[in-house]
Each structure stands twice: as C-alpha cells, then as structure tokens.
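Report on the structure
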Amino acid sequence: MTLNQLRAFVEAERLGSFTAAAKAMDIAQASASELVRRLEAELDAELFVRGSRTLALTSAGQELLPYAQQSVEAADSGTRAVHSLGSLGGGTATFGVLRNADYYLLSNLVQMFHARYPSVRVRLVGQNSAETAAAVAAGRIEAGLVVLPVDDEDLQVTPLLRDEVHYVSASVQRTRTPVTIEDFARAPLVLYDAHYGWQDPTRRQLAARAQFAGVRVDPLIELEHVEAALKLVTTGVGDTIASRAVVDSPAFPAGLHTAPFADPLYDTIALVRRRGHPLSRATRELARIAEDTLREIRVARGL
C-alpha cells in the first residue's frame, strides 16, 4: 500500500471519477485507475462500485476512507511543514543556552530571531552545560551553547569564545596575588551549580587540577546561581569564582575583589550539535545569530 494509491482512492471518492482524480493528481486517467486497482488487489476487496455514472463506495471502501483521508492529510501536513520551515515561514527552532546567558548578551537572542522570523516558534532551554550536551546527544534539542569540557560522544563541538575565570573574594588580602589550586582548596568556598556539582564544566577543570596537585576541594556552601553566591561572598562568608563576563557586568556587586588563577582558568563556550544530523533551517539560523553575538564579544575584547 502506497501513499499514491491512497491519494488516488481519496481523490476518486471526493471527485466522483478516476478522470477527475487523475486531473487533480496531474497523472493520466489510466494511472489513477491502476493505482486504485492495485490497492484493491492488495486489500483483496473492491473499493468502488463500477458501472454507474459516478463512483460509489462499497462497504470496504467506506471502511477504508477515513483512514486513507487521515494518511493523505498527515502526509500533506508534513510536506507543508517542511516547506514552511525551509523558507523560515514556520516550524520550531530548539536550542540550548547557557544558564548565565544574560552575561553574554544572549538574552536578546529570541527577540532578535523573532523580529526576523515571526512565524517560527522558538523553544529555548537554559540549563547547565552538562545537561545541554546530554539533551543534544539524545536528540531532545537540536543544538546548544555549552561551556567545555562536556562529554562529547556523538557530538560535533565548535568552540566560539574563551572567557577567563577569576577568583572572587571580599578580602583584598586573598586576591592580592594570583591564586594557586592549593590556595583555592584551602579557602572557604561558596560554589554555585549545586545540582550538577562536579559535573559542571568549570568545576570539572578545578577538580582535575586539584587531583594532579594532590589536594581536595570541599566547598563550604553550594547553591544554584552565581548571583546568590556573589551575594554571600559580599558578607564575607566565603569566596567564589566568576567568569570575566560576570565580573565585568553592571550586576557584579560593589566591594568584591578578583584575582586570576596562577595557571589561568578559562570557560570555553562552544556550539554543540549531534554528529551526522543536519540542523533544521530555523535552528541553524538561531545558532548563527548566537555565534555572531559571541563573535562580537570576542572582537570587542580583542580576543
């Protein structure tokens, strides 16, 4: 049973003749008749009563008709959706963004995309990079921005921007000189991304450094958001880390001091997508806008 057979059957019933069905399908009349005949042979049942001026359905034809109509409509809807997506006149773009996207001017991503392509639906997911990478690999979202390192099996990874990570403290003394991993391990730490813990890419880098140095990093306090960590740091409870984008933002609390790591630490922001799976045009365009935004930041900083 083929879609063309079902279409010929549906059109013949709708228009009342094989000649009219053939014209609607832009095929020869004999071809329309043959398509229905093959369908009848496959089903071992006559679908039309022949001989009258117009075609009439048999009981078997009446049983098949609603299913055939659904199949043809579903196929036509799929075709329209793909063609609409190809012209960015519809469809859905699915994309993962950094939890701290606002600090990289990505908060306007949807606004810019929607202004250009108002008919395309957008599903923008903000989460930890470890979860974004897993969601892309599993096909739950098409592509996304992450901080490296992530588990990259089945992923195509394109680095876009490198942002230095700083040590942050209310103490001038503890930020007077670059911070070693041993200094970091001894400090009272307030770290964010508590849910993902040491799966978080920045923390993974720190954990690897601590392992090589033979020390252990045990945070005093763990919570979810960098803003909450910075607020606690202002009280003197402990120290934290923050990327340059966060440190340079207007929201960075007054009274805090920063120092680089002795062995500079970087968040590398990258675009990830499933290897061997082409992006829909809508998601590809959304990714392009995100890449352009990060490229502008890189140029502005002279990186």
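Please refer to the structure placed before this passage.
Residues numbered from 1 in each chain as written. Predicted model: local features only at pLDDT ≥ 70, side-chain atom pairs only at ≥ 80, totals over all residues. Heavy atoms only, no water.

Take the sheet that holds strand S6 (residues 155-169) next. Pairing within the open sheet is mixed, and its 6 strands lie in the order S4-S3-S5-S10-S6-S9. With partners counted over all chains shown, the strands left at the sheet margins are strand S4 (121-127) and strand S9 (240-243), one partner each. Taken pair by pair, the neighbouring strands of this sheet meet at an average axis angle of 25 degrees, ignoring direction. Packing against the sheet, helix H6 (residues 129-138) makes contact with strand S3 (92-98), S4, strand S5 (143-148), S6 and strand S10 (257-274), and its axis sits at approximately 140 degrees to S5. (Pairing = 2+ DSSP bridges. Helix = DSSP H or I, 4+ residues; strand = E, 2+ residues; numbered from the N terminus. Axes fitted to C-alpha atoms, helices over the stretch in contact; angles between N-to-C directions. Contact = heavy atoms within 4.5 Å.)

In the structure shown here, the tally under the stated rule is 16 salt bridges. Of the charged contacts, one joins Arg204 and Asp151 as a salt bridge, the two residues approaching to 3.6 Å between their closest N and O atoms. With Arg204 in helix H8 (residues 201-213) and Asp151 in the loop between S5 and S6, this pair connects stretches of sequence that are 53 residues apart. Since its relative accessible area comes to 29%, Arg204 is described here as partly exposed. When the shortest N-O distance is used, the salt bridge between Arg295 and Glu291 registers 3.9 Å. With Arg295 and Glu291 both in helix H11 (residues 281-301) and 4 residues apart, the pair spans about one turn of that helix. Take Arg295: its relative accessible area is 35%, and that puts it in the partly exposed class. By relative accessible area, which is 21% here, Glu291 ends up partly exposed. When salt bridges with common partners are traced through the structure, they connect Glu285, Arg288, Glu291, Asp292 and Arg295 into a single cluster. (Salt bridge = Lys/Arg side-chain N within 4 Å of Asp/Glu carboxyl O. Buried < 20%, exposed > 50% of the residue type's maximum accessible area, 1.4 Å probe, protein only.)

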